[in-house]
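Observations on chain architecture
Next come the chains, spelled out residue by residue.
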Amino acid sequence: MAAPSQPQKSTYDVIVIGAGIQGSFTAYHLAQRHKDTLLLEQFLLPHSRGSSHGQSRIIRSAYPQECYSRMMPESFRLWQQLEAETGTTLYRQTGLVLLGPPGEPELEACRRSLGVDEVLDAAALAQRFPGFRLQAGQVAVLDSTAGVLFADRALRAAQEVFRRHGGTLRDGEKVLRIEPGPTVTVTTTAGVYRAPLLIITAGAWTGAFVEQLGLRLPLQPLRIDVCYWREKQPGSAGLGSVSPCFLTLGLSQAPHGIYGLPSIEYPGLMKVCHHNGSPTDPEKRDQASSSTPRPDIATLSSFISSYLPGLETQPAVMETCLYTNTPDEDFILDQHPKFSNIVIGAGFSGHGFKLAPVVGKLLCELSLGEEPSYNMAPFAISRFPGVLGAAL
Ligand SMILES: Cc1cc2nc3c(=O)[nH]c(=O)nc-3n(C[C@H](O)[C@H](O)[C@H](O)COP(=O)(O)OP(=O)(O)OC[C@H]3O[C@@H](n4cnc5c(N)ncnc54)[C@H](O)[C@@H]3O)c2cc1C
Ligand SMILES: O=C(O)[C@@H]1CCCCN1
């Protein structure tokens, strides 16, 4: 028999909207700082309707932009801390090869970010990782620190520690309305909550959601096809579970990049995807008909026949996921330009998972009015002119 229900608590120090990886890590840091925190999620957990689901994400030190490569040492440390706190393995070191033409500016910037790097030509790459074929003149830069984060497990772990530190997570509760003010009032499908501080980490829903606060952020949700490709002969081609992750830079046939991860989610199936997708509305993403042409799949098939000849050239499993892109593909981590007690974390542009421990820390610092641990200029809302509606 169910216990008699307690009257629902309605006031908190901080409310966080959206329990994806960014909101969950933000809540994790707040709870560790002894802030009485409410984390609200519209769907019942776990769910696969946002950006943080699935079993695998790449983590790497190599980054073309310094603002991210500077954060990576701390991010690796915080992931290890979460592993220790929960007694769970969240990371497998596999290495990552960046593939591209020598001298390509982003490839060079990644090399510099590594400090110690290793550059392999086609023959050296084939010897080290026999599943890969480079095209004539291309090179591979090896980031040996890189690997795979177990995404679903990581999300659960961050939420578990949050709760252990006294945090309240309410799922299946969609936020309908926010009333700004010195105390922010948040109305959900199940209740009304108040707090002096609010953090919005609503993933692909953020753009439409913050319009009620007079903000027009340039956030574009993209529907991403997540494809898994079968090894022709399981275990024989130096692919599968022993493969490193990879990422292409500066390839003319895929200017946005193609990336891959070893077989982790499904035995014998490597994840190889295009770092791009089609504009969508997160509420309507399933309305694309199955007969819609999929140029991404053709690009991937052709890439696989040239670079990964040990894989079949038609995907064995296809899933979907959402990116939320900004025009420059840098994150938005900032206070609302008019309501400084409302902080927004959004626009993770398909590369935010690995950095979530640091993103959560920064959003926590911003909302508590502390000096952020990193330079926040690359993430400021003010880099986009005209975002504040005339009504405010
Ligand atoms: C296919 C794919 C591959 C990727 N690969 C990598 C990778 O290799 N490495 C890497 O670092 N990153 C990668 N990323 C990016 C990374 O996964 C995302 O940056 C990250 O998951 C974004 O998390 P989020 O918390 O912002 O969004 P989400 O996980 O979508 O969380 C937002 C949450 O807010 C909730 N919400 C929205 N509106 C409301 C509301 N009104 N009320 C209550 N709740 C609400 C949503 O339901 C959702 O759960 C990849 C992403 C995809 C899709
Ligand atoms: O963040 C990453 O490392 C990868 C790069 C390729 C696209 C998906 N995200």
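Note that the structure is a prediction, hence the values are computed from the model and not measured.

What counts and how
- Residues numbered from 1 in each chain as written.
- Chains lettered and ligands numbered in written order.
- Predicted model: local features only at pLDDT ≥ 70, side-chain atom pairs only at ≥ 80, totals over all residues.
- Heavy atoms only, no water.
- Near = heavy atom within 4 Å.
- Polar contact = N/O pair within 3.5 Å; in protein donor to acceptor, adjacent residues only side chain to side chain.
- Areas by Shrake-Rupley, 256 points an atom, 1.4 Å probe, with all protein chains shown as cover.
- Helix = DSSP H or I, 4+ residues; strand = E, 2+ residues; numbered from the N terminus.
- Nonpolar A, V, L, I, M, F, W, Y, C, P; charged D, E, K, R; others polar.
- Domains from an automatic or database assignment.
- Axes fitted to C-alpha atoms, helices over the stretch in contact; angles between N-to-C directions.
- Parallel < 35°, antiparallel > 145°, perpendicular 65-115°, else oblique.
- Left-handed = near helix turned anticlockwise from the far one by under 90°.
- Contact = heavy atoms within 4.5 Å.
- Pairing = 2+ DSSP bridges.

**Structural notes on the site of ligand 1**
Looking at ligand 1, there are 36 residues lining it, with E41, H47, S52, I58 and C321 nearest. Within the side chain of S52, one N or O atom sits 2.5 Å away from an oxygen atom of ligand 1. One of the backbone N or O atoms of G350 is found 3.4 Å from a nitrogen atom in ligand 1. Contact with the protein chains covers 97% of the free accessible surface of ligand 1, which is 1,000 Å². If you list the elements that add at least two residues to the shell around ligand 1, you get α1 (21–32), β3 (56–59), β14 (220–230) and β19 (317–325). Considering only residue class, the shell around ligand 1 consists of 18 nonpolar, 13 polar and five charged. Residues from two domains meet in the shell around ligand 1; each of domain 1 (14–53 + 152–219 + 328–383) and domain 2 (96–144 + 220–318) gives at least three.

**Description of the packing of α1 against helix α6 (residues 151–164)**
One can describe the packing of α1 onto α6 by two numbers: an axis separation of 8 Å at closest approach and a directional angle of 25°. When the axis of α1 is compared with that of α6, the two are roughly parallel. Two packed elements cross with a definite hand, and for α1 against α6 that hand is left-handed. Counting all contacts with α1, which are made through I21, S24, F25, A27, Y28, A31 and Q32, the residues of α6 involved are A154, L155, A158, Q159, V161 and F162. Each residue belonging to the contact of α1 with α6 can be placed in one class, and the counts come to ten nonpolar, three polar and no charged.

**A word on the sheet that holds strand β9 (residues 168–170)**
The strand order β9-β2-β1-β13-β21-β20 describes an open sheet built from six strands, whose pairing is mixed. A single partner strand is all that each edge strand has here, and the edge strands are β9 and β20 (332–335). With strand direction ignored, the average angle separating the axes of adjacent strands in the sheet is 15°. Relative to strand β21 (residues 342–346), β20 runs antiparallel, the two being bridged by four bridges. Residue pairing for β21: D334 is matched across the bridge by I344. Its contacts with the sheet put α1 on β1 (14–17), β2 (37–40) and β13 (197–200), and the angle it makes with β2 is roughly 170°. Strand contacts of α6: β2 and β9, with the helix running at about 130° to β9, the strand carrying the most contacts.

**Structural notes on the site of ligand 2**
Taken together, the residues surrounding ligand 2 are I58, R60, L247, Y259, H275, Y323, G350, H351 and K354. Take R60: an N or O atom from its side chain is 2.6 Å from an oxygen atom of ligand 2. A distance of 2.5 Å is found between an oxygen atom of ligand 2 and a side-chain nitrogen or oxygen belonging to K354. When the free accessible area of ligand 2 is taken as 260 Å², the share hidden by the protein chains comes to 92%. Of the residues contributing to the shell around ligand 2, the split by class is four nonpolar, three polar and two charged. Looking at the shell around ligand 2, you find at least three residues from each of domain 1 (14–53 + 152–219 + 328–383) and domain 2 (96–144 + 220–318).

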